[in-house]
Amino acid sequence: MDGTYLIRTFGCQMNEHDSERIAGLLMADGMRAVDEVESARVIVLNTCAIRENADNKLYGNLGHLKPAKLANPELRIVVSGCLAQKDQGEIQRRAPWVDVVVGTHALPHLLELLRRSERDGPQMDVREHTETFPSALPAVRLDAFRAWVSISPGCDNACTFCIVPLVRGPQRSRSVGDILAEVRGLAARGVVEVTLLGQNVNTYGRDVSDAGSSRTPLFAELLRQVGRVDGIRRVRFTSPHPHDFTPDVIDAMAETPAVCEHIHFPLQSGSDDVLRRMRRSYRRERYLGWLERIREAIPAIAVSTDIIVGFPGESDLDFSQTLEAVDAARFDSAYMFQYSPRPGTRAASFDEQVPKPVVQERFDRLVELQERISTEAGAALVGETVEVLVEGGDRKGRSTRSRTRTNRIVHLADRLDPGSFHEARIVAAAAHHLTGELVPAPAASTS
Ligand code: SF4
């Protein structure tokens with residue numbers, strides 16, 4: 001197909017990665033990326049079903065695109081991602097100017113759907129199972145120096161607040177050989193950092209077996225092998241589930257130099273009663289016990305988490321237990337969410353939805369506590385020298401944004417090349433970023 005494309009991505013890293021695959025498909029078909037709606041021949045909205053108001057956002061965006069479609073019938077409008085999988089025919093019923101609805105399992109068929117839409121009108125493919133692993137598709141990577149690598153999309157759990165099992169299906173692990181081949185290929189192209197992506201990385205491998213045996217591969221072994229790939233200096237992963245966490249993963253993290261000192265470890269709530277209603281099968285003490293073991297093995301580790309405030313039935317006591325857990329856990333950072341019912345999830349039909357003003361008041365208290373802890377954790381780094389990887393400049397090109405191995409943003413006054421490593425001394429800290437000064441590399445010895 002000739003022409004230009006524009007992709008707008010909403011939601012998580014899994015979606016960002018799918019957008020790289022969509023871009024790869026369109027580019028392999030001869031198209032090129034543009035930034036403006038007016039100059040695009042194909043517009044893809046790669047949607048998320050997790051965030052609050054996801055539907056309103058989608059239909060708002062589609063409303064804005066309608067005049068462009070009426071003015072230019074050649075324009076193709078595509079809705080992909082989790083909302084496409086969840087809402088299916090509803091999308092073209094509410095926005096009949098959408099040409100293609102393509103679900104999470106049907107990405108490999110995007111080009112075919114686009115062509116059919118030109119010939120036969122609106123198309124939809126929201127099949128329930130993946131036939132071609134998305135990672136087998138071409139990709140246009142957002143950065144030249146770091147990349148996401150999908151290892152096990154889908155999820156076999158049934159957390160009552162989560163839409164993922166419905167829209168992404170059960171877990172499907174890639175083989176170790178496939179993953180290593182992708183990582184080696186990335187390293188050969190100059191990628192220095194990879195993030196392994198799975199809905200629950202700890203259960204990676206349960207559904208496949210090693211080539212030539214009946215043994216299932218383990219996430220800890222995968223971490224070690226990815227960490228040994230030449231040229232890969234940083235390995236990250238997201239996310240482990242506290243229920244399935246195992247000591248061999250801590251050992252692999254501690255013993256593999258390339259694995260970064262950062263873990264995203266979703267707590268969700270500090271109340272055992274709420275965790276039970278969420279169908280999160282660990283309890284607060286067990287969670288905190290894991291944190292202690294991880295910090296003992298890797299003292300420099302930074303920990304981030306997810307917390308939901310106002311889950312149905314959350315009492316004042318439940319919420320105070322979350323505050324206590326946050327105080328005890330000393331997270332370096334946290335993604336905090338106000339619960340809102342997502343159609344299609346079990347929790348959406350639970351009684352005792354917590355009134356919005358109560359949720360807001362609790363949320364504000366939690367944010368205040370976490371900001372204080374994050375600021376204190378940052379302040380403890382002032383005066384330290386750390387390795388940073390440059391990600392890019394600010395919009396005006398006056399300074400550089402870089403990242404520590406512990407996943408903290410460091411702003412530097414110098415202009416540096418994206419993808420380059422430097423040593424920086426931390427001179428100031430705020431809750432969400434640090435400020436650093438470049439430490440000059442020692443002069444090479446002439447003797
Ligand atoms: S572990 Fe729970 S929250 Fe995470 S994707 Fe699976 S069902 Fe959703």
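In this text, all values refer to a predicted model and were calculated from it rather than measured experimentally.

Draft legend 1. Structural context of the nonpolar core. Core analysis: the largest hydrophobic core is formed by 67 residues, its most contacted members being Leu196, Phe219 and Leu223. Ranked by residue count, the leading element in this core is helix H7 (residues 176–188), at six residues. With 26 residues, the next largest nonpolar core counts Tyr59, Ile77, Val101 and Val167 among its residues.

Draft legend 2. Expanded view of the site of the ligand. Taken together, Cys155, Asn157, Cys159, Phe161, Cys162, Val164, Pro165, Gln199, His241 and Arg280 make up the full set of residues adjacent to the ligand. Grouping the constituent residues of the shell around the ligand by class yields six nonpolar, three polar and one charged.

Draft legend 3. Representation of the pattern of salt bridges in the model. Applying the stated criterion across every chain, the model contains 34 salt bridges. Linking Asp244 and Arg206 is a salt bridge whose minimum nitrogen-to-oxygen distance equals 3.4 Å. Taken together, the residues span a long stretch of sequence, with Asp244 in the loop between strand E9 (234–238) and helix H9 (247–255) and Arg206 in the loop between strand E8 (193–198) and helix H8 (219–227) at a distance of 38 residues. Arg284 is paired through a salt bridge with Glu285; the nearest N and O atoms lie 3.8 Å apart. Judged by its relative accessible area of 17%, Arg284 falls in the buried class. Of the residues examined, Glu285 reaches a relative accessible area of 56% and is grouped as exposed. The structure contains a network of salt bridges with shared partners spanning Asp143, Arg146, Glu391, Arg401 and Arg403.

Draft legend 4. Representation of the packing of aromatic side chains within the structure. Considering all chains together, one arrives at eight aromatic pairs under this definition. On the basis of an interplanar angle of 70° and a centroid distance of 5.1 Å, the ring pair of Phe245 and Phe265 is categorised as edge-to-face. Within this pair, whereas Phe245 is found in the loop between E9 and H9, its partner Phe265 is found in the loop between strand E10 (262–264) and helix H10 (272–278), the two being separated by 20 residues in sequence. Accessibility expressed as a relative area gives 0% for Phe265, which makes it buried. Three or more aromatic residues joined by ring pairs make a cluster, and in this case those are Phe245, Phe265, Tyr282, Tyr287, Trp290 and Phe331. Here Arg94 stacks its cationic end above the ring of Tyr59, 3.7 Å away from the centre of that ring. Sitting above the plane of the Phe421 ring, Arg233 keeps its charged end 3.6 Å from the centroid.

Draft legend 5. Summary view of empty space enclosed by the protein. Counting across every chain of the model gives one cavity of 30 Å³ or more. One number sums up the size of the largest cavity: a volume of about 30 Å³. In this structure, the largest cavity is lined by Asp18, Asn46, Ser80, Gly81, Val102, Gly103, Thr104 and Leu107. Here the lining of the largest cavity is built from residues that sort into two nonpolar, five polar and one charged.

Draft legend 6. How the structure looks around H7. Taking 1.5 Å per residue as the helical rise, H7 with its 13 residues ought to reach 18 Å, and the 18 Å between its terminal C-alpha atoms agrees with that figure. What H7 keeps buried is the set Val176, Ile179, Leu180, Glu182, Val183, Leu186 and Ala187. Taken end-on, H7 shows its buried residues confined to a sector of 160°, consistent with a single buried face. Next to the buried residues of H7 lie helix H1 (13–28), strand E7 (146–152), E8 and H8. Where H7 ends, the next residue or the one after it, Gly190, has phi of about 100°, a positive value.

Draft legend 7. Local environment of the layout of surface pockets. In this structure, the second largest pocket occupies an estimated 360 Å³ of space. Lining of the second largest pocket is provided by 21 residues; of these, Ala300, Ile301, Asp332, Leu381 and Thr406 occupy positions nearest its centre. Only helix H13 (356–379) and strand E13 (385–393) provide two or more residues apiece to the lining of the second largest pocket. Ranked by the residues each element gives to the lining of the second largest pocket, the list is headed by H13, at three residues.

Draft legend 8. Quick look at the packing of H9 against helix H11 (residues 284–297). Orientation of H9 relative to H11, taken along the N-to-C sense of each, is 25°, at an axis distance of 10 Å. By the angle between their axes, H9 is roughly parallel relative to H11. In this structure, H9 meets H11 at a crossing whose hand is right-handed. Side by side, H9 and H11 meet where Pro247, Ile250 and Ala254 of the first sit next to Trp290, Arg293, Ile294 and Ala297 of the second.

Draft legend 9. Highlighting the sheet that holds E7. On the basis of which strands lie adjacent, the open sheet formed by three strands has the order E7-E8-E9 and parallel pairing. Either end of the sheet is taken by a strand with one partner, and the two such strands are E7 and E9. Looking at each pair of strands side by side, their axes are set apart by 25° on average, direction ignored. Relative to E9, E8 runs parallel, the two being bridged by five bridges. Its bridge partner being in E9, Val194 is matched across the sheet by Val235. With respect to the sheet, H1 is in contact with E7, E8 and E9, its orientation differing from that of E7 by roughly 105°. The strands touched by H7 within the sheet are E7 and E8, with E7 carrying the most contacts at an inclination of about 175°.

Draft legend 10. Expanded view of the packing of helix H12 (residues 316–329) against H13. Between H12 and H13, the least distance of the axes is 10 Å, while the angle of their chain directions is 10°. Relative to H13, H12 is oriented roughly parallel. When H12 is examined against H13, the residues Asp316, Phe319, Thr322, Leu323, Val326 and Asp327 are found in contact with a partner set consisting of Arg362, Arg365, Leu366, Leu369, Gln370, Arg372 and Ile373. Of the residues assigned to the contact of H12 with H13, the class counts are six nonpolar, two polar and five charged.

Draft legend 11. The arrangement of the side chain of Ser173 in detail. The residue Ser173 is located in the loop between helix H6 (164–168) and H7 in this model. For Ser173, the side chain forms a polar contact with the side chain of Gln171, separated by 3.4 Å. A distance of 2.5 Å separates a polar atom in the side chain of Ser173 from a polar atom in the side chain of Asp207.

The rules behind the values
- Residues numbered from 1 in each chain as written.
- Predicted model: local features only at pLDDT ≥ 70, side-chain atom pairs only at ≥ 80, totals over all residues.
- Heavy atoms only, no water.
- Core = buried A, V, L, I, M, F, W, Y, C linked by side-chain atoms within 4.5 Å.
- Buried < 20%, exposed > 50% of the residue type's maximum accessible area, 1.4 Å probe, protein only.
- Helix = DSSP H or I, 4+ residues; strand = E, 2+ residues; numbered from the N terminus.
- Near = heavy atom within 4 Å.
- Nonpolar A, V, L, I, M, F, W, Y, C, P; charged D, E, K, R; others polar.
- Salt bridge = Lys/Arg side-chain N within 4 Å of Asp/Glu carboxyl O.
- Phe/Tyr/Trp six-rings, centres within 6.5 Å; stacked < 30°, edge-to-face > 60°.
- Lys NZ or Arg CZ within 6 Å of the ring centre and 35° of its normal.
- 1 Å grid on protein atoms, 1.4 Å probe; cavity = no way out; pocket = protein on both sides within 12 Å on 5 of 7 lines; lining within 4 Å.
- Points joined across faces, edges and corners; volume = space filled by probe spheres on them.
- Expected span 1.5 Å × (residues − 1).
- Arc of directions from axis to C-beta.
- Contact = heavy atoms within 4.5 Å.
- Axes fitted to C-alpha atoms, helices over the stretch in contact; angles between N-to-C directions.
- Parallel < 35°, antiparallel > 145°, perpendicular 65-115°, else oblique.
- Left-handed = near helix turned anticlockwise from the far one by under 90°.
- Pairing = 2+ DSSP bridges.
- Polar contact = N/O pair within 3.5 Å; in protein donor to acceptor, adjacent residues only side chain to side chain.

Any functional reading would require information beyond the geometric quantities listed.
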